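Residues per chain, in single letters:
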Amino acid sequence: MSDAGKPVDTAGGGLVRWRWTALVVAAGLALAVWLGNDAGRWRLLGVPAMNLLFADTAALLAAGEAHSAGIDPYRAPNYFDPGWRAHIYGPGWLVLGDLGLTVDDTPWLGALVSGVFFAAVAAVFCPRSPGGAVFALLALCSPPVLLGLNRANNDLIMVVMLLGAAWLAGRRERTAPAAASVLLGAAALLKIYPLAAWPALWALPGRGWRWARMLAPLAVAGAFALWQWPVYAAALSQVPADKTIYAYAAGYAAELALGGVRTLEVATWVGTLSGLLLLARCARGCARAWWELIPLRGPWAFIGAGSACIWSFSLLVASNYPYRAVWLLPLVALAWRAAPDVRAGRRLAVLLVVFLWSGLPMGYLQWRVWAIGPEEQTVWWAASIGFAQCLVLVSLGLALWLLTGWSWRMWRRLRAGE
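Residues numbered from 1 in each chain as written. Predicted model: local features only at pLDDT ≥ 70, side-chain atom pairs only at ≥ 80, totals over all residues. Heavy atoms only, no water.

K.L.:
Now, about the overall build of the protein: what can you tell me, with residues and values included?
P.N.:
Counting secondary structure elements, the protein contains 19 helices and zero strands. By the compact-globule yardstick of 22 Å for 418 residues, the protein fits well, its C-alpha radius of gyration being 21 Å. By its C-alpha atoms, the protein is 60 × 55 × 45 Å across when sized along the principal axes. Across the 418 residues of the protein, 50% fall into the buried class. Across the protein, the fraction of contacts at a sequence separation of at least 24, relative to all contacts at a separation of at least 6, is 76%. (Helix = DSSP H or I, 4+ residues; strand = E, 2+ residues; numbered from the N terminus. Rg over C-alpha atoms; globule rule 2.2 N^0.38 Å. Buried < 20%, exposed > 50% of the residue type's maximum accessible area, 1.4 Å probe, protein only. Contact = heavy atoms within 4.5 Å.)

K.L.:
Talk me through the pattern of salt bridges; I want residue IDs and the actual numbers.
P.N.:
Per the stated rule, a full pass over the model turns up 10 salt bridges. Between D56 and R85 there is a salt bridge, with its nearest N and O atoms 3.3 Å apart. Taken together, the residues D56 in helix 3 (residues 55–68) and R85 in the loop between helix 3 and helix 4 (95–98) connect sequence positions 29 residues apart. You can call R85 partly exposed: its relative accessible area is 24%. Among the charged side chains, a salt-bridge network with shared partners connects D56, D81, R85 and R151. (Salt bridge = Lys/Arg side-chain N within 4 Å of Asp/Glu carboxyl O.)

K.L.:
Kindly report on the side chain of T106, identifying the contributing residues and their values.
P.N.:
Along the chain, the position of T106 falls in helix 5 (residues 106–125). By relative accessible area, which is 3% here, T106 ends up buried. Residues within four places of T106 in sequence aside, it is in contact with L53, F54, T57, A58, L61 and A111.

K.L.:
Can you lay out the environment of R297 for me, pointing to particular residues and giving the numbers?
P.N.:
One can find R297 in the loop between helix 14 (287–291) and helix 15 (299–317). Residue classification places R297 among the partly exposed positions, given a relative accessible area of 22%. Along the chain, R297 and A283 lie 14 residues apart, while their C-alpha atoms are 25 Å from each other. Polar contacts involving the side chain of R297 include one to the main-chain carbonyl oxygen of W202, which spans 2.7 Å. (Polar contact = N/O pair within 3.5 Å; in protein donor to acceptor, adjacent residues only side chain to side chain.)

K.L.:
I'd love a proper account of empty space enclosed by the protein, names of residues and values included.
P.N.:
Gaps between atoms show up when a probe of the same size as a water molecule is rolled over them. Enumeration over the complete set of coordinates arrives at one cavity of 30 Å³ or more. In this model, the largest cavity occupies a volume close to 40 Å³. M158, M161, L162, A165, L183, L184, A187, P194, I310 and W327 are the residues that line the largest cavity. A per-element tally of the lining of the largest cavity places helix 8 (residues 155–169) first, with four residues. Residues belonging to the lining of the largest cavity are distributed by class as follows: 10 nonpolar, no polar and no charged. (1 Å grid on protein atoms, 1.4 Å probe; cavity = no way out; pocket = protein on both sides within 12 Å on 5 of 7 lines; lining within 4 Å. Points joined across faces, edges and corners; volume = space filled by probe spheres on them. Nonpolar A, V, L, I, M, F, W, Y, C, P; charged D, E, K, R; others polar.)

K.L.:
Explain the packing of aromatic side chains to me, and be specific about the residues and the numbers.
P.N.:
Summed over the entire model, instances satisfying the criterion amount to 11 aromatic pairs. Look at Y246 and W370: their rings are 5.8 Å apart centre to centre, the planes differ by 40°, and that puts the pair in the tilted class. Of the two residues, Y246 is situated in the loop between helix 11 (229–238) and helix 12 (250–259) and W370 in helix 18 (residues 359–372); the sequence distance between them amounts to 124 residues. Y246 sits in the partly exposed class, given a relative accessible area of 24%. Looking at W370, the relative accessible area reads 57%, which means it is exposed. Their ring planes at 50° and their centres at 5.3 Å tell us that Y248 and F355 sit as a pair that is tilted. Here Y248 is found in the loop between helix 11 and helix 12, whereas its partner F355 is found in helix 17 (residues 342–357), with 107 residues between them in sequence. Residue class for Y248 comes out buried when judged on its relative accessible area of 10%. Pairwise contacts between aromatic rings join Y248, W311 and F355 into one cluster. (Phe/Tyr/Trp six-rings, centres within 6.5 Å; stacked < 30°, edge-to-face > 60°.)

Structure representation (structure tokens):
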């Protein structure tokens, strides 16, 4: 996936091209070694670490282990899991138990999941300069992304599958578009919500069998969901939907950012206004370029449309743990690396990375409230909440703007028979 509108640096061969990417991965590995399983160090970077490293991978392995033992993994408590959690995902994950994997395999499998994700996204950023490498690290080491890495959550696997489908979208083999469609359908069977990226299938190259490629994932996922509906219903009933400042949900973000924190409404609105002013500053003269940011065809189109669809869907229909923000990373990479208008792309990328870090001051101030008491609910605390929640809404608006521009241009091209 080369940079759109920019020359590809091939001097010195692949080693030169990937040297900054390798440095980003090495820096991420060094950070991981330093963090280890030290909850205090993770907390410095805004991550509420669990007692068990890679806890979400452990939950998947525990579900498979329970299933292999003839125990319903969708019923809590599951005593194979260190946290006694019920399984809340599709039945495809239960095959892990049939493969002989157990909770004892958590350390190496969790490290593998997190490491592959980090390397894959670093490769998508593919920085070509020290500044690009630093920016990629800022995005990859932001608190919500680190939370996903700490837990080795299966969202990381879903992102890698989307990137794999995007890579297939750039291949010349005749079977590559169909393979990309199959990969997206497999992701949907594992975790349901990746099916929201279905419109991205329009970005696949070639017109032959287009409708078959578009409808096959829907038909397969729908048929499988009907066949296994009791299992999916049990999983959905376990999904948390709490209202908390640490979750990402459009409705609650609007409630806080616009309604304000009780007794500190004005301070909250100051934070909200700060977020809107940041948006206005970054969007000045860039709205049109953002409208045209996602290409119509190819791997970057698949990445941009798929990520924006999933992020928008997630915010509009559910309350999401912060690690769901890993879906913004492909959009950040697209804006930073492949935008036709470099200035507009860099502004959008910076705005999204500010959002990824916006929860850090809010988290620090909230921890003081928990540790000391309500007297720590200061104007700075309220303003930090307003700013962070405003940027949740800003990120949603940006994703919808990018999608609308891409959809409109795609519709016009399809009408023209191209």
